[in-house]
Amino acid sequence: MTQLAELASREPHPLVAIDGRSGAGKTVAAAHLGAALRLPVVHLDDFVPGWDGLRQGVEAVRHGIALPAARGQRAGCESWDWNAGGAGPFVRIDAAAGLIIEGCGAAAAVRGLTDLAVWIAAPTKVRMARLEGRSDWDAYAPHAAMWALQESALVKEFGWPRRKLVL
């Protein structure tokens, strides 16, 4: 994580993607990096329109957040209210100093905009134990297989970032 922070800090307005499968440790890694660099962290999941909308969430974050952030402009897009199962408020993000985008598909959202895309990996057993230990596991469990298929489709379409961290 220290090396990643050093790489990102060399950029005047770093745009960093922290990608990986569910339960890999993306959120924890992004929180540490965000604190180290004093940058906001965007959670891609906040913009995914439902359990079958991972690809749409990636594109929403790309066009509403990543592209404006790469230009040093204010960014934002409509969020998703997971509790209500519908559209949430429009979220504005001040990305003037830089931005970290975290979530499965984050590297796809920043494709062509940055070289700082990192894949967080963990063995399947570790990821599943982490997922089952989460407070939202009961809501996630019925959708886990479908979500994993969407994750795999993104990896197949866009590939894996070159830099990998195992947590």
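Relevant structure appears above.
A quick note: this is a predicted structure, and the numbers were derived from the prediction, not measured. (Residues numbered from 1 in each chain as written. Predicted model: local features only at pLDDT ≥ 70, side-chain atom pairs only at ≥ 80, totals over all residues. Heavy atoms only, no water.)

**Q** Sorry, what's going on with helix H3 (residues 54–70) here?
**A** One full turn of an α-helix is made of 3.6 residues, so residues set three or four places apart face in the same direction. The principal kink in H3, of about 40°, is found at Arg62. Within H3 the residues assigned to the buried category are Leu54, Gly57, Val58, Val61, Arg62, Gly64, Ile65, Ala66, Leu67, Pro68 and Ala69. Just downstream of H3 lies Gly72, where phi reads positive at about 75°. (Bend = angle between axes of the 7 residues up to and from the residue. Helix = DSSP H or I, 4+ residues; strand = E, 2+ residues; numbered from the N terminus. Buried < 20%, exposed > 50% of the residue type's maximum accessible area, 1.4 Å probe, protein only.)

**Q** Any chance you could explain the nonpolar core here in plain terms?
**A** In globular proteins that are soluble, nonpolar side chains generally tend to be buried together. Counting 31 residues, the largest nonpolar core has Leu44, Ile65, Leu99 and Ile101 as its most contacted members. The greatest single-element share of this core, amounting to six residues, is contributed by H3. By size, the runner-up hydrophobic cluster in this structure holds 12 residues, among which are Ile18, Leu33, Leu37 and Ile100. (Core = buried A, V, L, I, M, F, W, Y, C linked by side-chain atoms within 4.5 Å.)

**Q** For this particular structure, what's the right way to read the pattern of salt bridges?
**A** Pairing of side chains with opposite charge becomes possible as their charged atoms draw close. Here the structure, examined in full by the defined rule, presents four salt bridges. Of the charged contacts, one joins Arg21 and Glu151 as a salt bridge, the two residues approaching to 3.7 Å between their closest N and O atoms. In this pair, Arg21 is assigned in the loop between strand S1 (15–20) and helix H2 (26–37) and Glu151 in helix H7 (residues 144–158), connecting sequence segments 130 residues apart. Look at Arg21 and you get buried, because its relative accessible area is 19%. Judged by its relative accessible area of 2%, Glu151 falls in the buried class. For Arg111, the salt bridge goes to Glu59, with nearest N and O atoms at 3.0 Å. Taken as a pair, Arg111 in the loop between helix H4 (106–109) and strand S6 (117–121) and Glu59 in helix H3 lie far apart in primary sequence, 52 residues in all. Put simply, Arg55, Glu59, Arg111 and Glu157 are held in one network by salt bridges that share partners. (Salt bridge = Lys/Arg side-chain N within 4 Å of Asp/Glu carboxyl O.)

**Q** I tried to follow the packing of H3 against H7 on my own but got confused; where do I start?
**A** The relative placement of two packed helices is expressed as an angle between their axes plus a distance between the axes. Direction vectors running N to C along H3 and H7 enclose 50°, while the axes themselves pass 9 Å from each other. In terms of axis orientation, H3 runs oblique to H7. Residues Leu54, Arg55 and Val58 of H3 lie in contact with H7, whose contacting residues are Trp147, Gln150, Glu151, Leu154, Glu157 and Phe158. Along the lines of polarity and charge, the residues of the contact of H3 with H7 split into five nonpolar, one polar and three charged. (Axes fitted to C-alpha atoms, helices over the stretch in contact; angles between N-to-C directions. Parallel < 35°, antiparallel > 145°, perpendicular 65-115°, else oblique. Contact = heavy atoms within 4.5 Å. Nonpolar A, V, L, I, M, F, W, Y, C, P; charged D, E, K, R; others polar.)

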